[in-house]
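Residue-level listing of the chains:
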Amino acid sequence: MRIEQRVWRIGTGWRVAASDGALAPALVLFFAAPGTLDDGKRFAELRALYPAAAILGCTTGGEIADVDVLDGAIVATAIEFAHTRLAFAETTIEGDGGSAGAGRRLAGGLPRVGLRGVFVLSDGTHVNGTDLVAGIQKVLGPDIAVTGGLAGDGARFVSTRVGLNANPVPGRLAALGFYGDEVCLGFGSFGGWDTVGPERVITRAQGTVLYELDDQPALALYRKYLGPEADNLPASALLCPLRIHPPGKPEAALVRTVIGVDNASGGMVFAGSVPEGYVAQLMLGHFDNLIAGAGRAAERAAIPQARLAILVSCIGRKLLLGQQIADEVEAVKSVLGAACKLTGFYSYGEIAPLENSPFCDLHNQTMTITTIAEA
Amino acid sequence: MHRLLERQLARARRDTPDGETDLETLLALVDAAYLEFDRQRRVLAHTQEIMRDEYGLINAGLSRLRDAITQMGAGFAIWDSNDRLVLCNALLREILPQNAELLRPGVAFADCIVNMAPHFGSFGGAEKVNDWVTKRVALHRDPADPFEITLADNRHVRIWEAKTSEGGIVGVYIDVTESKRAEGELRRAKEAAESANRSKSLFLANMSHELRTPLNAIIGFSEIMQGEMMGPLGDRRYLTYAHDIHDAGAHLLEIINDILDMSKIEAGKFELDAEWVDLGELIDGVVNMVRARAHEAGLTLHVAAAGLLSVFCERRALRQVLLNLIGNAIKFTPAGGRVDIAAKVTADGGVAVAVADTGVGIAPQNIPLALMPFGQIELTLSRAHGGVGLGLPLSQRLAELHGGHLEIASTVGSGTTVSVTLPPERVSRSALRSA
């Protein structure tokens, strides 16, 4: 397994950031700041650089190039595998069955024999991530681990793009399947946010839209929590994730994040389902705990001889950590070691297996890591 | 150098073509770092503020709950998943004084039960102390419906227990000794009342029989005297007296018969002796009996019968019902009024006989009372109009014995309509006559 990483920025253009020498990559993963892909030129340049590779990528809320967190850049990582075989599938959100239907179509497009793991990139503003993962697992079953993330649009939440062998477009989803006995995949996901305040019950919600907690408007509670940041809704709601769990089952807790606000109805749109009757608790982040959380995710994802780690971290973490954001990537690097190259992006939702469970789900506000090694 | 500043410097060097950083750039970086720490301080200050607010909210909720648990009118306890006491209120210690010392946070439920064992009375049929302990602990771990235990001091405690979401048990314990005692008293009073009622019915049935025998002699002999069957009575006043004795005796017999019928019905011993009866003929017969009385009272009687109708009923009973209703109508209607008797087929094929008067009427709240045996006495109508108030209730019971019913519609001051309805299966529209 050999890797070459290139970074594109305004002014400097494409630069090689790291390289294992001349290689014949089967796969190029790229993560691009919103706006950088609009004229299609960057994708054409990538295609020209790697004419034989499959090129998969999406827009972001920040790009990770090893220990650097960038804004306004494109990070492309070309990977040459010694033994591992790959397969791809893609679809759009417009088809039948909504997000779950899209998940079923993606999974159905990947041959089942020899499949070891799946990495998914999805549109981040039109997709219910919970339903998407459920749809994928309905076809693949619980034995195949699914990781990935929802594409980002900075902190704007307007338009997110995904592309497979084409310039990324909105409403698209793509999956990459890893095949063969030699490929080893590791997974780790961790938040590090702290719950604050009393548990409240979700008393009014529909799908991914939350209206009331304990019969009180949820938006009013968020405004109180956000204080002066309330003017920057919905982006600032990322500073207050919502931890939810079924009544009496705190061990099945998930963290949900706001991706939009409907001021007319007072509804808060989340990246995943917020079922009525669930117990909810607001969270706040402490800088050091979030950075330590990224390290915990890396410890879980660590596998021997990992050469590449794909980091999908939540835009909310970046919003809170600000200029300190590279600290969480450094925390990951210090666990995985110098030999493991990092790439990835800041997302609108992370996909990973649940802890202590064979099932995968949509996570929010986490650092989610997929590590790849070849035996 | 601080890690953040160091990283920013490295970035700045990398991003400038010659790798050199001028003072202005350096100052901008330092400034950004200061601003960043200002922002972080604001975030943390706001976080602290929220935590303080939320802590106040949690604390207020806790105080409310603690207050409710202290003030509630029942013993209350929460046991954790290891079955150890988390908290209980003072009332629980009062209800179980034998455990008052033991009931402190951390005590095991089983220890409390073992301590209580010598004081138990009975519970779920367990006779031995060990059985009681085993049964009680098992029920506590897997609670079902509420149940009661009896303590050795004869107190009864009602227990409701349920699982909490964290795998513990929440329990409510109520001393129901007082309500058990009241319940027992009520039950005994009810039994006594039922027994008294049975005795009354039996007494009335016997008395009626005893009263009727001498009455037969009074009525029979006064009839003979009235008819002067054994020669003239001499002074005409004797004839008037004999007439009065006969009428009074007949009236008394009617009352005794009503009481006897009512007693039989209440005792469930009235049996119908039904036959096919021509309704029109029956109504005509009754009207003929009361026509003179109506005339004397200055009333007019009007009959509208619906053609040829036969009803399957006890002739004597139906006649009595009609006599009662028409008699009442005459009794309670002032001179110059009218009484209408109408028989018609109902929508479902039954028959309804309605007796309508232009009398004093009955207030709505008094209708239930008028239908109660002897209720008329309470209404103080009997004093003015005579009678014991059995007519309406007896008519109602007789109608019901026929599977029918009796209804009263009345407006005070303008009149009353009483209808007796018999069900379709008792009605034939052919001209069938009793043999």
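Residues numbered from 1 in each chain as written. Chains lettered and ligands numbered in written order. Predicted model: local features only at pLDDT ≥ 70, side-chain atom pairs only at ≥ 80, totals over all residues.

Thoughts on the overall build of chain A
Part 1: Looking only at helices and strands, one finds 7 helices and 28 strands in chain A.
Part 2: By the burial criterion, 57% of the 375 residues in chain A qualify as buried. (Helix = DSSP H or I, 4+ residues; strand = E, 2+ residues; numbered from the N terminus. Buried ≥ 20, exposed ≤ 12 C-beta atoms within 10 Å, placed from the backbone.)

Examining the overall build of chain B
Part 1: A count of helices and strands for chain B gives 13 helices and 14 strands.
Part 2: Expressed as a percentage of its 435 residues, the buried residues of chain B come to 21%.

A look at the interface of chain B and chain A
Part 1: Taken together, the contact pairs 15 residues of chain B with 13 residues of chain A.
Part 2: Contributions of two or more residues to the side of chain B that touches chain A are made by helix H1 (3–15) and helix H2 (23–71) of chain B.
Part 3: Counting residues per element, the side of chain B that touches chain A draws most heavily on H2 of chain B, at 12 residues.
Part 4: For the side of chain B that touches chain A, the per-class residue count stands at 6 nonpolar, 5 polar and 4 charged. (Contact = placed C-beta atoms within 7 Å. Nonpolar A, V, L, I, M, F, W, Y, C, P; charged D, E, K, R; others polar.)

Observations concerning the sheet that holds strand S8 (residues 85–92) of chain A
Residues and elements named next belong to chain A.
Part 1: Spatially, 6 strands are ordered S8-S13-S9-S10-S26-S27 in an open sheet, and the strand pairing comes out mixed. Each end of this open sheet is capped by a strand with a single partner; those strands are S8 and strand S27 (360–363). Adjacent strand axes in the sheet meet at a mean angle of 20 degrees when their direction is disregarded.
Part 2: Two elements, strand S26 (residues 350–353) and S27, share 4 bridges in a ladder whose sense is antiparallel. (Pairing = 2+ DSSP bridges. Axes fitted to C-alpha atoms, helices over the stretch in contact; angles between N-to-C directions.)

Looking at helix H8 (residues 279–296) of chain B
All names here are of chain B.
Part 1: The terminal C-alpha atoms of H8 lie 26 Å apart, and with 18 residues this matches the ideal 26 Å at 1.5 Å per residue to within 8%.
Part 2: Along H8, the largest kink reaches about 45 degrees and is centred on Val290.
Part 3: Here H8 has its buried residues at Leu279, Leu282, Ile283, Val286, Val290 and Ala294.
Part 4: In the core, the buried residues of H8 are packed alongside strand S7 (275–278), strand S8 (300–304), strand S9 (310–313), helix H9 (315–331), strand S10 (338–345) and strand S11 (351–357).
Part 5: Remark: Gly298 follows H8 within two positions and exhibits a positive phi of approximately 75 degrees. (Expected span 1.5 Å × (residues − 1). Bend = angle between axes of the 7 residues up to and from the residue.)

Section: the packing of helix H5 (residues 287–301) of chain A against helix H7 (residues 326–336) of chain A
Residue and element names in this part refer to chain A.
Part 1: Between H5 and H7, whose axes approach to 8 Å, the crossing angle comes to 30 degrees. Classified by the angle their axes make, H5 and H7 are roughly parallel. Helix-helix and strand crossings are classified by hand; for H5 and H7 the assignment is right-handed. Residues Leu290, Ile291, Ala294, Gly295, Ala298 and Glu299 of H5 touch H7, and the partners they reach there are Asp327, Glu328, Ala331, Val332, Val335 and Leu336.
Part 2: Tallied by class, the residues present in the contact of H5 with H7 amount to 8 nonpolar, 1 polar and 3 charged. (Parallel < 35°, antiparallel > 145°, perpendicular 65-115°, else oblique. Left-handed = near helix turned anticlockwise from the far one by under 90°.)

Focus: the environment of Phe88 of chain A
Residue and element names in this part refer to chain A.
Part 1: Assignment of secondary structure puts Phe88 in strand S8.
Part 2: Through-space distance from the C-alpha of Phe88 to that of Val118 is 9.4 Å; in sequence the pair is 30 residues apart.
Part 3: In this structure, Phe88 is in contact with Ala54, Leu164, Ala174, Ala175 and Leu176, ignoring residues within four places of it in sequence.

Remarks on unusual backbone geometry
Residue and element names in this part refer to chain A.
Part 1: The backbone phi angle of Phe157 is positive, close to 60 degrees, even though this residue is not glycine.
Part 2: Mapped onto the fold, Phe157 is located in the loop between strand S10 (145–150) and strand S11 (161–164).
Part 3: A residue is classified by how many C-beta atoms lie within 10 Å of it, and Phe157, with 22 of them, is buried.
Part 4: Residues other than glycine seldom take positive phi values, yet Asp215 does so here, at roughly 65 degrees.
Part 5: Assignment of secondary structure puts Asp215 in the loop between strand S17 (209–213) and strand S18 (216–217).
Part 6: On the neighbour-count criterion, Asp215 (9 C-beta atoms within 10 Å) is exposed.

Digging into the confidence of the model for chain B
In low-pLDDT segments, the atomic positions of the prediction should not be examined closely.
Residues and elements named next belong to chain B.
Part 1: Chain-level statistics for chain B give a pLDDT mean of 85 and a share of 92% at 70 or above.
Part 2: Per-residue pLDDT, averaged within each element of chain B, yields its smallest value for helix H12 (residues 381–385) (52) and its largest for strand S1 (residues 75–79) (95).
Part 3: This complex was scored by the predictor with a pTM of 0.62 and an ipTM of 0.72. (pLDDT = per-residue confidence, 0-100.)

Brief notes about the sheet that holds strand S28 (residues 367–374) of chain A
Residues and elements named next belong to chain A.
Part 1: Overall, mixed pairing links the 6 strands, which are arranged S6-S5-S25-S24-S28-S14 in an open sheet. The strands lining the two open edges of the sheet, one partner per strand, are strand S6 (68–70) and strand S14 (183–190). Within this sheet the neighbouring strands show an average axis-to-axis angle of 15 degrees, counted without direction.
Part 2: Across 3 bridges, the pairing between strand S5 (residues 63–65) and S6 is antiparallel. What sits directly across from Ile64, in S6, is Val69.
Part 3: Relative to S14, H5 is tilted by about 155 degrees, and along the sheet it contacts S14, strand S24 (308–314) and S28.

Examining helix H1 (residues 41–49) of chain A
Residues and elements named next belong to chain A.
Part 1: Arg42, Phe43 and Leu46 are the residues of H1 that are buried. Summarising the axial view, the buried residues of H1 lie within an arc of 100 degrees, below the 170-degree limit, and thus occupy one face. Exposed residues on H1 whose side chains face more than 90 degrees from its buried face are Lys41, Ala44 and Ala48.
Part 2: Check the buried side of H1 and you find it contacts strand S1 (2–9), strand S3 (27–32), strand S4 (54–59) and strand S7 (74–80). (Arc of directions from axis to C-beta.)

As for the pairing of S11 of chain B
In summary, the side chains of a regular strand alternate between the two faces of the sheet.
All names here are of chain B.
Part 1: Of all 7 residues that make up S11, 5 are buried, and the element is covered over most of its length.
Part 2: Of the pairings in the sheet, the one linking S10 to S11 comprises 7 bridges and is antiparallel in character. Among the inter-strand pairings, Asp340 is bridged to a residue of S11, identified as Ala356.
Part 3: In textbook terms, the turn of a hairpin is the stretch between consecutive antiparallel strands, and for S10 and S11 this stretch comprises 5 residues, one of which, Gly349, has a positive phi near 95 degrees.

Observations concerning the nonpolar core
Across soluble globular proteins, nonpolar side chains show a tendency to be buried alongside one another.
Part 1: Counting 124 residues, the largest nonpolar core has Val28, Phe30, Val75, Ala309, Leu311 and Val332 of chain A as its most contacted members.
Part 2: For this core, the two domains that each supply at least three residues are domain 1 (2–190 + 288–374) and domain 2 (194–284) of chain A.
Part 3: Other than its neighbours up to four places away in sequence, Phe30 of chain A contacts Leu46, Ile55, Gly57, Ile74, Val75 and Ala76 of chain A.
Part 4: With 35 residues, the next largest nonpolar core counts Ile259, Leu299, Leu309 and Val321 of chain B among its residues. (Core = buried A, V, L, I, M, F, W, Y, C linked by C-beta atoms within 7 Å. Domains from an automatic or database assignment.)

Considering the packing of H9 of chain B against helix H13 (residues 391–401) of chain B
Residues and elements named next belong to chain B.
Part 1: Contact geometry for H9 and H13: axes closest at 9 Å, N-to-C directions at 145 degrees. In the crossing of H9 with H13, the sense of the turn from one axis to the other is left-handed. Residues Ala317, Gln320, Val321, Asn324, Leu325, Gly327 and Asn328 of H9 form the contact with H13, whose participating residues are Gly391, Leu392, Leu394, Ser395, Leu398 and Ala399.
Part 2: Classifying every residue of the contact of H9 with H13 by side-chain character gives 7 nonpolar, 6 polar and no charged.

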